[in-house]
Amino acid sequence: MPTIKNRKIAAAILTLLFLIFHQGISAAESLDDRVNEIAHLLMCPVCQGQSVAESNSNLAQDMRQIIRKQLEEGKSKEEVITYFVNRYGETILASPPPKGVNWLLWVLPGLAIIFGGLGIGIYLYKSQSGKGSGDSGKRPENRAADSDYMLKIDEELKRHES
Amino acid sequence: MSILNTGTKIGVLVIIFLVLALLGYALFGDRETVKTSPLVGKDAPEFTLKLFDGKRVSLSELKGKTVLLNFWASWCMPCRQEAPALEQSWLKYKDKNVVFIGINVWDETRSASSYIEKFGGGYPQGIDPEEEIQVDYGIGGVPETYFIGPSGIITDKYDGPLTEEIIDYYVNRAAGQERDASSTN
């Protein structure tokens, strides 16, 4: 017949086994996550716009295997990425660093926003100041022509009403 | 009569100047990146191949020799196209301190063996049991060929099918590596 002491020992063993098993699963998941994270940062060199994580090509499979192996060997994320950059160049990076031609990709959108905003600001400022001053910016001959034209319209309207 | 006032004209000129300056820097400011492979000029990564005849060969054993490292697959049509040129060039260079090595990648052993029987290739051909060598050498497709000088430095990489003339050119460049190094040092 099981005693209370035996039950306690059994519970302790079960808890220990659960912890060991759970730890093992967590560690495996964590490595998978790290492999996946790095694979998402690298573009598959033989694919059209797919990362190493997304591609099923032979090369992408080899690369995922190497990422896993290097992480298991204790290499850091940066070291693994550097390994691939040293072999395939910076074009393998999903986010190219701001250097050389890549620099334009990082700077041009900012410049476009700044200059576009400035352009819109200047346009709005000019149109507002134009309204405030009425037709003061027009030349005298243009103003005279406008008033003649308005007089003609008024006459036509009156004639039409009568 | 001008449509734009002076301030706008200056603004447009400044923007054009900035864009041209950025383009100029981007195109000419970092010319070092224009290379066929980042490995060119560096030590060739070490490898051990399991040859189809059962032997093994390591790159370190070949120090002092010029090495042509050709990556191929049996399903690759351009590889079939270059096979006769490789065979002819190997016959020409095999007694001249030049070693040709074929590395079969992304293939099945049976298909690779029948390819070798059909297309020749008297030089050592093998596979990497770890399937890492293709990534170690930054291979993106087949055929791709590396030329390694006698001191173990990669002198060139060629993507696409080789001809005898291309092989001559790059093998001579690789063989001349040590001569160049000793003349500049």
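See the structure above.
Attention in this report is confined to the structure presented alongside it. (Residues numbered from 1 in each chain as written. Chains lettered and ligands numbered in written order. Predicted model: local features only at pLDDT ≥ 70, side-chain atom pairs only at ≥ 80, totals over all residues.)

Next up on the list: the overall build of chain B. Helix and strand counts for chain B stand at 6 helices and 7 strands. When its helices and strands are written in sequence order, chain B yields α-β-β-β-α-β-α-β-α-β-β-α-α. (Helix = DSSP H or I, 4+ residues; strand = E, 2+ residues; numbered from the N terminus.)

Here the focus is the nonpolar core. Within the largest apolar cluster, 34 residues are counted, with the highest numbers of intra-cluster contacts made by Leu68(B), Leu69(B), Ile103(B), Tyr146(B), Phe147(B), Ile148(B) and Val171(B). Among all residues touching Tyr146(B), those that are not within four sequence positions of it are Ala44(B), Leu69(B), Tyr137(B), Ile154(B) and Lys157(B). Counting 17 residues, the second-largest nonpolar core is a separate cluster that includes Leu59(A), Met63(A), Phe84(A) and Tyr88(A). (Core = buried A, V, L, I, M, F, W, Y, C linked by C-beta atoms within 7 Å. Buried ≥ 20, exposed ≤ 12 C-beta atoms within 10 Å, placed from the backbone. Contact = placed C-beta atoms within 7 Å.)

All names here are of chain B. Between its first and last C-alpha atoms helix α5 (residues 164-175) spans 16 Å; for 12 residues at 1.5 Å apiece the expected length is 16 Å, and the two agree. Burial in α5 covers these residues: Ile167, Tyr170, Val171 and Ala174. Looking straight down α5, one finds that the buried residues subtend no more than 105° of arc, so they occupy a single side. (Expected span 1.5 Å × (residues − 1). Arc of directions from axis to C-beta.)

Residue and element names in this part refer to chain B. Within strand β3 (residues 66-72), 7 of the 7 residues are buried, leaving the element largely enclosed by the surrounding structure. The alternating pattern of β3 places Thr66, Leu68, Asn70 and Trp72 and Val67, Leu69 and Phe71 on opposite faces, both of which are buried. The pairing of β3 with strand β4 (residues 98-104) spans 7 bridges and is parallel. Paired with Phe71 across the two strands is Ile103, which belongs to β4. Taken together, β3, helix α2 (residues 77-93) and β4 constitute a β-α-β crossover, and its handedness is right-handed. The pairing of β3 with strand β6 (residues 144-148) spans 5 bridges and is antiparallel. Its bridge partner lying in β6, Phe71 is registered against Glu144. (Pairing = 2+ DSSP bridges. Right-handed = clockwise from strand over helix to strand, strands pointing away.)

Time to look at helix α3 (residues 77-88) of chain A. In an α-helix, one full turn covers 3.6 residues, which means residues spaced three or four apart are oriented alike. All names here are of chain A. Over its 12 residues, α3 extends 17 Å from the first C-alpha to the last, a length consistent with the 16 Å expected when each residue adds 1.5 Å. When α3 is considered as a whole, its buried residues turn out to be Val80, Phe84, Arg87 and Tyr88. Looking down the long axis of α3, one finds its buried residues gathered within 85° of arc, a one-sided arrangement. Seen from the buried face of α3, the exposed residues on the opposite side, beyond 90 degrees, are Glu78, Glu79 and Thr82.

Bringing the pairing of strand β7 (residues 154-159) of chain B into the picture now. All names here are of chain B. Bridge count for β6 against β7 is 5 bridges, and the pairing is antiparallel. Residue Phe147 lies in a different strand from β7, and its bridge partner there is Asp156. Counting the residues that bridge the hairpin from β6 to β7 gives 5 residues, and of these Gly152 lies at a positive phi of roughly 90°.

Residues and elements named next belong to chain B. Pairing is mixed in the open sheet, where 7 strands are placed in the order β2-β1-β5-β4-β3-β6-β7. Each having just a single partner strand, β2 (56-58) and β7 make up the two edges of the open sheet. Averaged over all pairs of adjacent strands, the angle between their axes in this sheet comes to 30°, without regard to strand direction. Note that β4 and strand β5 (residues 125-127) share 2 bridges and pair parallel. Within the sheet, the bridge partner assigned to Gly102 lies in β5 and is Gln125. (Axes fitted to C-alpha atoms, helices over the stretch in contact; angles between N-to-C directions.)

This paragraph deals with the packing of α2(B) against α5(B). Residues and elements named next belong to chain B. At a minimum axis separation of 9 Å, α2 and α5 run at an interaxial angle of 45°. Between α2 and α5, the angle is such that the two are oblique. By crossing handedness, the relation of α2 to α5 is classed as right-handed. Contacts between α2 and α5 involve Ala85, Gln88, Ser89 and Tyr93 from the first element and Glu164, Ile167 and Val171 from the second. Tallied by class, residues from the contact of α2 with α5 come to 4 nonpolar, 2 polar and 1 charged. (Parallel < 35°, antiparallel > 145°, perpendicular 65-115°, else oblique. Left-handed = near helix turned anticlockwise from the far one by under 90°. Nonpolar A, V, L, I, M, F, W, Y, C, P; charged D, E, K, R; others polar.)

With that out of the way, let us pick up the environment of Phe84(A). Among the structural elements, Phe84(A) can be located in helix α3. Beyond its immediate chain neighbours, meaning those up to four positions away, Phe84(A) contacts Leu42(A) and Ile92(A).

Before going further, it helps to examine the environment of Leu59(B). All names here are of chain B. Among the secondary structure elements, Leu59 is positioned in the loop between β2 and β3. Of the residues examined, Leu59 has 20 C-beta atoms within 10 Å and is grouped as buried. In this structure the C-alpha to C-alpha distance between Leu59 and Gly152, which are 93 residues apart in sequence, comes to 8.4 Å. The contact partners of Leu59, leaving out residues within four places of it in the chain, are Ala44, Glu46 and Phe47.

Read these as layout, nothing more, since geometry by itself doesn't imply function.
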